[in-house]
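Here is how the chains run, residue by residue.
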Amino acid sequence: MAPQKMYTETGDAREWCLITGASSGLGAEFIKLAAPLYHLVLVARRTDRMEALAANLFTEYGCMCIIITKDLAEEAAGTALVAELTEFQTANTEFHMPTILVNNAGFGYIGKFHEQDWARNRNMIMVNVTVCCELAALLIPNMVEKGFGRVLNVASIASYMAGPNQSIYFASKAFLRSWSEATWMELQGTGVTTTALCPGPVSTEWAAEAGIGSDGDMMKKADTPEFIARLGWTGMLAGKRVAMTRKTATQIKAFACLPKKLVLKKTMQLQEPKPEPTAE
Ligand SMILES: NC(=O)c1ccc[n+]([C@@H]2O[C@H](COP(=O)([O-])OP(=O)(O)OC[C@H]3O[C@@H](n4cnc5c(N)ncnc54)[C@H](OP(=O)(O)O)[C@@H]3O)[C@@H](O)[C@H]2O)c1
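Residues numbered from 1 in each chain as written. Predicted model: local features only at pLDDT ≥ 70, side-chain atom pairs only at ≥ 80, totals over all residues. Heavy atoms only, no water.

Put simply, the rule reads: UniProt positions are given in the numbering used here, feature names are shortened, and annotations may be inferred rather than shown by experiment.
Going by what an unreviewed UniProt entry lists, the protein is known as Short-chain dehydrogenase/reductase SDR and is assigned to Kipferlia bialata. Per its UniProt entry, the protein bears the Sequence similarities (unreviewed entry) comment "Belongs to the short-chain dehydrogenases/reductases (SDR) family."

What to know about the sheet that holds strand β2 (residues 39–44)
Which entries qualify depends on this criterion: We call two strands paired when DSSP finds no fewer than two bridges between them. By the criteria applied, helices consist of DSSP H or I runs no shorter than four residues and strands consist of E runs no shorter than two, each listed in order from the N terminus. Only heavy atoms enter the contact rule, under which two residues are in contact if any of them lie within 4.5 Å. Lines are fitted to the C-alpha atoms to define the axes, a helix being fitted only along its stretch in contact, and any angle between axes, read from their N-to-C directions, falls within 0 to 180 degrees.
Spatial strand order, β3-β2-β1-β4-β5-β6-β7: seven strands in an open sheet with parallel pairing. Only two strands of the sheet have a single partner each, and these edge strands are β3 (65–69) and β7 (242–243). By the bridge criterion, five bridges tie β2 to β3 in an arrangement that is parallel. The partner of Val43 across the bridge, within β3, is Ile68. Its contacts with the sheet put helix α7 (residues 167–186) on β5 (149–154), β6 (192–197) and β7, and the angle it makes with β6 is roughly 155°.

Looking at the environment of Leu18
Applicable threshold: With a 1.4 Å probe rolled over the protein chains alone, any residue whose accessible area is under 20% of its type maximum counts as buried; one over 50% counts as exposed, and the rest are partly exposed.
Residue placement: Leu18 occurs in strand β1 (residues 16–20). The class for Leu18 is buried, based on a relative accessible area of 0%. It is 9.6 Å that separates the C-alpha atoms of Leu18 and Tyr38, two residues lying 20 residues apart in sequence. Here Leu18 is in contact with Val41, Val43, Leu81, Leu85, Pro98, Ile100, Leu101, Val102 and Leu139, once residues within four sequence places are set aside.

With respect to the packing of aromatic side chains
Operational definition: Geometry of aromatic contacts follows a simple scheme: Phe, Tyr and Trp rings, the Trp one being its six-membered ring, pair when their centres are within 6.5 Å, and the pair is stacked under 30 degrees between planes, edge-to-face over 60, tilted otherwise. Lysine NZ or arginine CZ positioned within 6 Å of the ring centre and within 35 degrees of the ring normal marks a charge as sitting over the ring.
Under the defined criterion, the tally for this structure stands at five aromatic pairs. Seen from their ring centres, Tyr169 and Phe170 are 6.3 Å apart, and the 75° between their planes marks the pair as edge-to-face. This pair shows no difference in class: Tyr169 is buried, exactly as Phe170 is. The interplanar angle of 55° and the centroid separation of 5.2 Å between the aromatic rings of Tyr169 and Trp206 together place this pair among those described as tilted. Pair noted here: Tyr169 is in helix α7 and Trp206 is in helix α8 (residues 206–210), with a separation of 37 residues, a long-range link. Just as Tyr169 is buried, Trp206 falls in that class too. Put simply, the rings of Trp16, Phe88 and Phe95 touch in pairs and so form one group of aromatic residues. If you follow Arg120 out to its NZ or CZ, it ends over the ring of Tyr109, 4.2 Å from the centre. In this structure, Arg241 is placed above the aromatic ring of Trp184, and the distance from its NZ or CZ to the ring centre is 6.0 Å.

Notes on the side chain of Glu181
Applied cut-off: Identification of polar contacts relies on pairs of N or O atoms within 3.5 Å, with a donor-acceptor requirement for protein atoms, meaning one able to donate a hydrogen and the other able to accept it, and with residues adjacent in sequence counted only if both atoms are side-chain atoms.
Within the secondary structure, Glu181 is located in helix α7. Reaching out from Glu181, the side chain makes a polar contact with the side chain of Arg177 at a distance of 2.7 Å. Those residues in contact with Glu181 that sit more than four places away from it in its chain are Tyr160, Arg241 and Val242.

Brief notes about the side chain of Thr194
Tracing the sequence through the fold places Thr194 in strand β6. A relative accessible area of 0% means that Thr194 is categorised as buried. Separated by 2.9 Å, the side chains of Thr194 and Thr183 make a polar contact. Here the side chain of Thr194 touches Trp184 through a polar contact of 2.9 Å, landing on its backbone nitrogen. In this view, Thr194 contacts Ile140, Val151, Asn153, Ser180, Thr183, Trp184, Leu187, Lys240 and Arg241; residues no more than four positions away in its chain are not counted.

Focus on the site of the ligand
Heads up, the condition is: Whether a residue is near a molecule or strand depends on its heavy atoms: if one lies within 4 Å, it is near. For accessible areas, the Shrake-Rupley method is used with a probe of radius 1.4 Å. Any residue's cover is judged against the shown protein chains and nothing else. Each residue gets one of three labels, nonpolar for Ala, Val, Leu, Ile, Met, Phe, Trp, Tyr, Cys and Pro, charged for Asp, Glu, Lys and Arg, and polar for the others, Gly among them.
Surrounding the ligand, one finds 31 residues, the nearest of these being Ser23, Arg45, Tyr169, Val202 and Thr204. Within the side chain of Ser23, a nitrogen or oxygen atom sits 2.7 Å from an oxygen atom of the ligand. Across the complex, the protein chains shield 96% of the 870 Å² of accessible surface that the ligand would expose by itself. When residues of the shell around the ligand are traced back to their parent elements, those giving at least two are α2 (25–34) and α7. When the residues that make up the shell around the ligand are grouped by side-chain class, the tally is 16 nonpolar, nine polar and six charged.

Looking at helix α5 (residues 77–91)
Three- or four-residue spacings in an α-helix give side chains the same orientation, since the helix completes a turn every 3.6 residues. Applied cut-off: Between the first and last residue of a helix there are one fewer steps than residues, each counted as 1.5 Å, and that sum is the expected span. Think of the arc as the fan of directions from the helix axis to the C-beta atoms.
Here α5 spans 22 Å end to end across 15 residues, near enough to the 21 Å set by a 1.5 Å rise per residue. For α5, the complete set of buried residues consists of Ala77, Gly78, Leu81, Val82 and Leu85. Burial along α5 is one-sided: seen end-on, the buried residues are contained in an arc of 130°. Exposed side of α5, more than 90 degrees from the buried face: Glu87, Thr90 and Ala91 are the residues found there. Close packing links the buried residues of α5 with β1, β2, β3 and α6 (118–146).

Here's the deal with the pairing of β2
Which entries qualify depends on this criterion: Seen with its strands pointing away from the viewer, a crossover is right-handed if its path from the first strand over the helix to the second goes clockwise.
β2 sits mainly inside the fold: six of its six residues count as buried. With burial as the criterion, each face of β2 is covered, one bearing His39, Val41 and Val43 and the other bearing Leu40, Leu42 and Ala44. Each parallel crossover has a hand, and for β1 linked through α2 to β2 it is right-handed.

Below, the structure written as structure tokens:
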């Protein structure tokens, strides 16, 4: 049975979809894609942004929405989040543990590893890697028991190479993709799939947050968040192992043919710190 049909067929008894990083960029687009089909749990730190994004979902789609303000860099944030949902479930029978998990929250951090603030890199590992695995560890067993579920892990083209000037970010995405592909294989036959979305540059707040400059060379040919979120979302519903654009697939193949040192040098140049232009 096609996954899309399987989920929409549930009608009023919609499944719940948990989206992390649901306050901007790709997260905001995942909300639009999920709302017509599922009830939502939105997680990020900026509550006002999530409230604005969720404002009309019930009237437009009959979509119930739980907003959870949480810093996913905190120790055991995923465990605390699932504990909050479990408590919520005891008083709200219409809520069920999410069978769709979108591990989207993440951020980058430009700079040479030995000059960087370790606390920020540590937080990045927590958000980009640890909490993704933690949420999956807590939610997938229930999905397997139910016989269906979908997990989307937002990795990156960065997962296919080492990234001088942003070494921990690239390594975090390599971890996420490797783990996601392995669980995709392990889960064969269960009705549950894990999909790694591997975008190239996307025009969101990510570049400015990372310190790479949203108008820098790397971001000039960025894809739109609408396009990339749809690619990931449809790939996830279809149970694909990896979702990426043709352009990204071609680039990955080309990198593999080039001398490693050249790729490292070019990657380092693209990850040069570029401050955002100040408004005059
Ligand atoms: N944009 C790109 O070029 C690109 C390319 C490849 C992959 N990606 C990946 O795509 C994903 C989404 O990023 P985006 O491009 O949409 O950038 P974005 O607009 O900056 O969104 C990042 C999201 O992550 C959340 N987040 C960051 N730190 C968090 C924390 N400590 N706790 C909870 N939530 C946190 C942010 O929410 P709050 O700030 O409200 O907490 C925000 O909703 C990330 O995993 C990113 O690595 C992006």
